[in-house]
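What follows is the residue order along each chain.
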Amino acid sequence: MLGTVRKSFAAALRRSLAAAWFVWVLFSHAASAWAQDEPATVNIRGTETFIGEYVGDNGEANEGAYGDDDQFWIFRNLLYLQAGNRDFDSGLRLDATLFHSPPARIDPGSFVPGGTGYTTLDYDNDFRLERIFGTVHLGNLHLTAGDFYVNFGRGIALSMIKLDDIGVDNALRGARIEYHVPRSIKAILVGGVVNASNVDPLTRAIQREDPLDRIAGARVQWELLDALSLGVHGVLMAPRFERESAVADDRRYVDRSTSVSLMTAGATFEAHLGGWHLYLEGNAQSHDDYRPVGEEDIDDETGVAAFGEVSYDLPPWNLKAEGIFYRKWLMEGPYRGSAPGRADLATPLTYHHMVTLEPMWMIIKSFGNVYGGKLTGDLYLDESDTHIKLSSSLLRYLGGLLPTGQWDDHPPTNVVHPAVEVRQTLGTRKILVSAQGGFRYEWTKEPDFQGEDTGSLWHVQGDVTVPLGGPHSLEVKGELRRHELVVTEGPSEQYWVTSTGLGYDRSGLFGLSAVHEFSDQTGGSRAQIGSLELPLPRRHYVWFLASVHPPRPLDGLTFRLLGGSQRGGIKCAGGICRTYPDAVGVKAEAVYRF
């Protein structure tokens, strides 16, 4: 097995290095030639990442939709090179993905749920130039061609960024023009097609083609010293496919169905006056959703999105109030890696970032159809190294967008969530103690609704870091959550989720940690409200993580080893939620920066 993989990988790596060398030489010579006054030194940087992973039994969550998607090896190599000077920057990323003993791929039309040994997913080897860009600096003017990330305001109107937490890596491939005079004006014009990461983080399958949705946008921001800024922006998006007939049958398991076209306009206002900070953003949108499963199109709709934040710094307090209002707000591409008829797996690519007013780990019912507010108070006591944070949010979710292209007509879900967090440094040994907890209550009630659903969540988290002398330290952490769902017309459900971990760290050299997770959730697949998670069959999960940072001469190398079983469920970040299966296996990662 390993001999064949080594030969295939070596050949792929040689081709990748040859292509990288050619492009790098081209860019570096262009960078040297661009200097006008005197020869400029070309700075060279690179990152080499190798990942080897065995995907074990990851449960039955995906097998009914795709077939087998476990019991195989995957090897990935990501080579990122940069070359530039004061007048020119350039970079590229070469990806090589190899599989060993993956399940055979069959046509989706021949797929029968429950079978073994075959899948509708693509596990063929893949080699590609994933990212490439060049940027010319002409004083205050910067011109970029190739792949780049972009973000307008808080990202509500447009955000093409990388979210490592859930494996999202969406870039725009095209051109970017930026003119920036610090503390005066900043203008940016972008246009191109969507270039998304081609390895699905859930199944590790290859998404052979990029979405290629077309996006163009412009933003102008006026800056008055450091006290005031005013910005306006606009975004146009045209989908790659507007009709189901344009999407081949086998493509519907990769880029499922069509997408959304839209026109967006918005404005931002930001001010810093004394201890006050104010940020306001408003956006309006007209969109046409081409994604319905049926034959009828959804009528053109309008969407609005607004966010406001005001804070006041009055030491030792910092007080902040935030508010959101989203109504039928979209900025979405095709469904990737999802199978028709699986609403729990059908999550589209998103090209924006939503401010949620929810904890990072919270499962969100609907990002684009919600309004509410949050109050936060932070108390900092420098004399005693104490930090206390009090917060409370009140939100109303109006129902999310269904895979059919229509909005959920279930009665709105109301949420109230007070929480407290305390950080304290103890004694001369500087023991760091962190604890947080809260109570979340959700209810759904309408005069004409036959019944009332309520849900509650208690959560407590704690973390203690104990210095052991010199570079050595010990960390103990734990989490406890109690979920409850009460449904008038159906069985109620209560379950616990716990997590405990122990870690040792030798600063700058070595770290080791082990985590045990447990859940007694056994509920069915009926609809659930925001704070609850999809039921998973396993109850006990144990995994470990080891990391090594060798000293010189290999101080640019980092090695990580992750193994065991991890609990799946819904993970959300930046307006994106995806359902991860249980995971069993081993993953080794080596990163070298030079």
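Residues numbered from 1 in each chain as written. Predicted model: local features only at pLDDT ≥ 70, side-chain atom pairs only at ≥ 80, totals over all residues. Heavy atoms only, no water.

Side note on the overall build of the protein
Move 1: Each helix and strand in the protein was counted, giving two helices and 34 strands.
Move 2: By residue count, 47% of the 594 residues in the protein fall in the buried class.
Move 3: Across the protein, contacts joining residues at least 24 apart in sequence account for 62% of those joining residues at least 6 apart.
Move 4: Accessible surface for the protein amounts to roughly 27,800 Å². Of this, 60% is attributable to carbon and sulfur atoms. (Helix = DSSP H or I, 4+ residues; strand = E, 2+ residues; numbered from the N terminus. Buried < 20%, exposed > 50% of the residue type's maximum accessible area, 1.4 Å probe, protein only. Contact = heavy atoms within 4.5 Å. Areas by Shrake-Rupley, 256 points an atom, 1.4 Å probe, with all protein chains shown as cover.)

Examining the pattern of salt bridges
Opposite charge on two side chains allows them to pair when their charged atoms are near.
Move 1: Applying the stated criterion across every chain, the model contains 21 salt bridges.
Move 2: Between glutamate 53 and arginine 204 there is a salt bridge; the shortest N-O distance is 2.5 Å. With glutamate 53 in strand E1 (residues 43–55) and arginine 204 in the loop between strand E12 (185–196) and strand E13 (214–224), this residue pair connects regions lying 151 residues apart in the sequence.
Move 3: The exposure class of glutamate 53 is buried, given its relative accessible area of 11%.
Move 4: Look at arginine 204 and you get buried, because its relative accessible area is 18%.
Move 5: Across the pair aspartate 169 and arginine 131 runs a salt bridge, and its minimum N-O distance is 3.1 Å. In this pair, aspartate 169 sits in strand E11 (residues 168–181) while arginine 131 sits in strand E6 (residues 126–138), placing the two residues 38 residues apart along the sequence.
Move 6: Among the residues examined, arginine 131 registers a relative accessible area of 8% and is labelled buried.
Move 7: Among the charged side chains, a salt-bridge network with shared partners connects Arg76, Arg93, Asp95, Glu130, Arg131 and Asp169. (Salt bridge = Lys/Arg side-chain N within 4 Å of Asp/Glu carboxyl O.)

Some words on the environment of tyrosine 118
Move 1: Positionally, tyrosine 118 belongs in strand E5 (residues 118–119).
Move 2: In this structure, the C-alpha to C-alpha distance between tyrosine 118 and alanine 104, residues 14 residues apart in sequence, is 4.7 Å.
Move 3: The residues contacting tyrosine 118, other than those within four sequence positions of it, are Tyr66, Gly67, Asp68, Pro103, Ala104, Ile106, Phe111 and Val112.

Describing the pairing of strand E34 (residues 583–593)
Move 1: Pairing between E1 and E34: nine bridges, direction antiparallel. Bridge pairing in E34 links phenylalanine 50 to alanine 590.
Move 2: Pairing of strand E31 (residues 557–566) with E34, which is carried by ten bridges, proceeds in the antiparallel orientation. Paired with glutamine 566 across the bridge in E34 is alanine 583. (Pairing = 2+ DSSP bridges.)

Section: unusual backbone geometry
With the exception of glycine, most residues fall at negative phi, and the peptide bonds are largely trans.
Move 1: A cis amide bond links proline 315 with the next residue in sequence, proline 316, at an omega value of 10°.
Move 2: Along the chain, proline 316 falls in the loop between strand E18 (301–314) and strand E19 (317–327).
Move 3: Look at arginine 183: it is not a glycine, yet its phi comes out positive at around 60°.
Move 4: Locating arginine 183 in the fold gives a position in the loop between E11 and E12.
Move 5: Given a relative accessible area of 47%, arginine 183 falls into the partly exposed group.
Move 6: Positive phi, close to 65°, is recorded for arginine 204, a residue that is not glycine.

A short note on the side chain of arginine 482
Move 1: Relative to the helices and strands, arginine 482 is located in strand E27 (residues 472–487).
Move 2: A polar side-chain atom of arginine 482 sits 2.8 Å from a polar atom in the side chain of glutamine 494.
Move 3: Each residue touching arginine 482, except ones within four places of it in the same chain, is listed here: Ser456, Leu457, Trp458, Gln494, Tyr495 and Trp496. (Polar contact = N/O pair within 3.5 Å; in protein donor to acceptor, adjacent residues only side chain to side chain.)

Description of the packing of aromatic side chains
Move 1: The full count for this structure, using the stated rule, is 13 aromatic pairs.
Move 2: Taking 4.7 Å as the distance between ring centres and 45° as the angle between the ring planes, the aromatic pair formed by phenylalanine 72 and tyrosine 123 counts as tilted. Taken as a pair, phenylalanine 72 in strand E2 (residues 72–84) and tyrosine 123 in the loop between E5 and E6 lie far apart in primary sequence, 51 residues in all.
Move 3: The exposure class of phenylalanine 72 is buried, given its relative accessible area of 0%. (Phe/Tyr/Trp six-rings, centres within 6.5 Å; stacked < 30°, edge-to-face > 60°.)

Some points on the nonpolar core
One recurring pattern in soluble globular proteins is that nonpolar side chains are buried together.
Move 1: If you look at the biggest cluster of nonpolar residues, it comprises 21 residues, and the most contacted ones within it are Phe307, Ile324, Tyr326 and Leu395.
Move 2: Listing elements by their share of this core, those giving two or more residues are E18, E19 and strand E23 (386–397).
Move 3: In terms of nonpolar packing, the next biggest core, distinct from the first, is built from 20 residues, Leu158, Val194, Val260 and Leu330 among them. (Core = buried A, V, L, I, M, F, W, Y, C linked by side-chain atoms within 4.5 Å.)

Observations regarding the pairing of strand E22 (residues 370–381)
Move 1: Taken together, the ten bridges between E19 and E22 define a ladder with antiparallel strand orientation. The partner of lysine 320 across the bridge, within E22, is threonine 376.
Move 2: Direction of pairing for E22 relative to E23: antiparallel, over a ladder of twelve bridges. Within the sheet, the bridge partner assigned to valine 370 lies in E23 and is tyrosine 397.

Details of the side chain of glutamate 358
Move 1: Along the chain, glutamate 358 turns up in the loop between strand E21 (348–350) and E22.
Move 2: Assessed through its relative accessible area of 7%, glutamate 358 is described here as buried.
Move 3: A distance of 2.6 Å separates polar atoms of two side chains, one belonging to glutamate 358 and the other to tyrosine 397.
Move 4: For glutamate 358, the residues in contact, after removing those within four places along its chain, are Ile364, Leu395, Tyr397, His417 and Arg440.

Description of a nonpolar patch on the surface
Move 1: Nonpolar side chains collect at one region of the surface, where Leu468, Leu474, Val476, Leu502, Tyr504, Phe510, Leu512 and Phe544 lie side by side and expose about 650 Å² of accessible area between them.
Move 2: Given a relative accessible area of 30%, leucine 474 falls into the partly exposed group. (Patch = residues over 30% accessible without salt bridge, like charges linked within 9 Å, V, L, I, M, F, W, Y side chains within 5 Å.)

A closer look at the environment of aspartate 122
Move 1: Inspection of the secondary structure puts aspartate 122 in the loop between E5 and E6.
Move 2: C-alpha separation for the pair aspartate 122 and threonine 203, spaced 81 residues apart in sequence, amounts to 9.8 Å.
Move 3: Discounting chain neighbours no more than four positions away, the residues touching aspartate 122 are Arg105, Ala205, Ile206 and Arg208.
Move 4: Looking at aspartate 122, its side chain comes within polar contact range of the main-chain nitrogen of aspartate 124, at 2.9 Å.

Notes on the confidence of the model for the protein
Move 1: The predicted model of the protein has a mean per-residue pLDDT of 82, with 76% of residues at 70 or higher.
Move 2: Residue range residues 338–344 is modelled with pLDDT below 50. Its contacts to residues more than four positions away, or to other chains, number 20 contacts. (pLDDT = per-residue confidence, 0-100.)

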